[in-house]
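Secondary and tertiary structure notes
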Amino acid sequence: MKVLNFGSLNLDYTYKVPHIVREGETIAAKEVSYNLGGKGFNQSVALARAGVPVYHAGLVGEEGLDFYDACETYGIKTNYMKTVTGRCGHTIIQVDEAGQNSIVLFGGANYKNSKEYVDEVLSNFEAQDVILLQNEINELPYIIDQAFAKGMSIILNPSPYNEKLDECDMGKVAVFILNETEGQQMTGMTTPATIVSAFDANFPNAKLMLTLGKGGCIFHHGDEELYQAAFDVQAVDTTAAGDTFTGFFIAGLLKKQPMRDILVTASKAAALAVTKPGAAASIPFMSEVELFEG
Ligand code: RIB
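The present account deals with the structure reproduced in this document. Small disclaimer: the values here were computed from a predicted structure and weren't measured.

Examining the site of the ligand
Near the ligand you find 13 residues, and of these Asp 12, Gly 38, Lys 39, Glu 136 and Asp 243 are the closest. For the ligand, an oxygen atom lies 3.1 Å from a polar atom in the side chain of Asn 10. Take Asp 243: an N or O atom from its side chain is 2.7 Å from an oxygen atom of the ligand. When isolated, the ligand has an accessible area of 280 Å², and the protein chains bury 96% of it. Mapped by element, the contributors of at least two residues to the shell around the ligand are strand 2 (10-16) and helix 1 (39-49). Of the residues contributing to the shell around the ligand, the split by class is three nonpolar, six polar and four charged.

Listed below in structure tokens is the structure:
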């Protein structure tokens, strides 16, 4: 069984600001840093750090060549990554004094996927292989359809949520991993309990992992429902906390660990990620997670 993450690669420009800039306001940033990120890349890093061999597919622009070396360092397979002409995906991220963030995303190369490229990548995978997807690339509906037709198991992190997701056949998704805001946007419901009920009604066979930030997380599948509290840490930068959770959660699923253990490990990993600045750079190793007592 192979794991493919078909996802975004962004150059993140992170600005430390006193507060998230308001409409019409200009503020001075206290620090600026440049990091490799993107929900796709971060989740591949999290999978690798959680001990899962992962193939990353996706496109970088001409100034994104650092991603290849970084993938090698993290142990991510780049066989199916490609470089295209034009700008790489990039973001402008504000991080306030409480560690909360606000992100402007320019899709760049992440939106240059073609059906031919998708077919070429997927031709290397077969039934029972796993594909992880987020919503920072184009051709998502096509990727879902083709992966499903091959019998691959589809894990979707519908983040960031936008109307493009309405074109996807969500009935083909085996595992949803999303936060409360995305849950509200997808279902129109306003509380964790009603979001879970709506997913259960609409996608009764799918597993649902609903993260609630400091409020913990809820796993739901059929008759099984588990709540896990979040670990309390001093937040420095919440960027990639969700990506970290996603990677460690999937690692636990693939290793067929008990769900309580999976939730504890993924929650610890996400807590450790918020104590460090940056996106991929903040994702802990499994060995650090195992030592963390919370
Ligand atoms: O989830 C965090 C990521 O979201 C950042 O690395 C940024 O690239 C945005 O895509």
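Overview of the pairing of strand 9 (residues 153-157)
Burial analysis of strand 9 places four of its five residues in the buried class, which makes it a mostly covered element. Note that strand 9 and strand 10 (residues 175-179) share two bridges and pair parallel. For Ile 155, the partnering residue across the bridge sits in strand 10 and is Val 175.

Details of the packing of aromatic side chains
In the structure shown here, the tally under the stated rule is 13 aromatic pairs. Each ring, one from Tyr 13 and one from Tyr 34, has its centre 5.4 Å from the other, and the planes form 45°; the classification is tilted. Taken as a pair, Tyr 13 in strand 2 and Tyr 34 in strand 3 (residues 31-37) lie far apart in primary sequence, 21 residues in all. The partly exposed category is assigned to Tyr 34, whose relative accessible area is 38%. Ring centres of Tyr 55 and Phe 125 lie 5.6 Å apart, and the angle between their planes is 85°; this geometry places the pair in the edge-to-face category.

Here is what the cut-offs are and how they apply
Residues numbered from 1 in each chain as written. Predicted model: local features only at pLDDT ≥ 70, side-chain atom pairs only at ≥ 80, totals over all residues. Heavy atoms only, no water. Near = heavy atom within 4 Å. Polar contact = N/O pair within 3.5 Å; in protein donor to acceptor, adjacent residues only side chain to side chain. Areas by Shrake-Rupley, 256 points an atom, 1.4 Å probe, with all protein chains shown as cover. Helix = DSSP H or I, 4+ residues; strand = E, 2+ residues; numbered from the N terminus. Nonpolar A, V, L, I, M, F, W, Y, C, P; charged D, E, K, R; others polar. Buried < 20%, exposed > 50% of the residue type's maximum accessible area, 1.4 Å probe, protein only. Pairing = 2+ DSSP bridges. Phe/Tyr/Trp six-rings, centres within 6.5 Å; stacked < 30°, edge-to-face > 60°.

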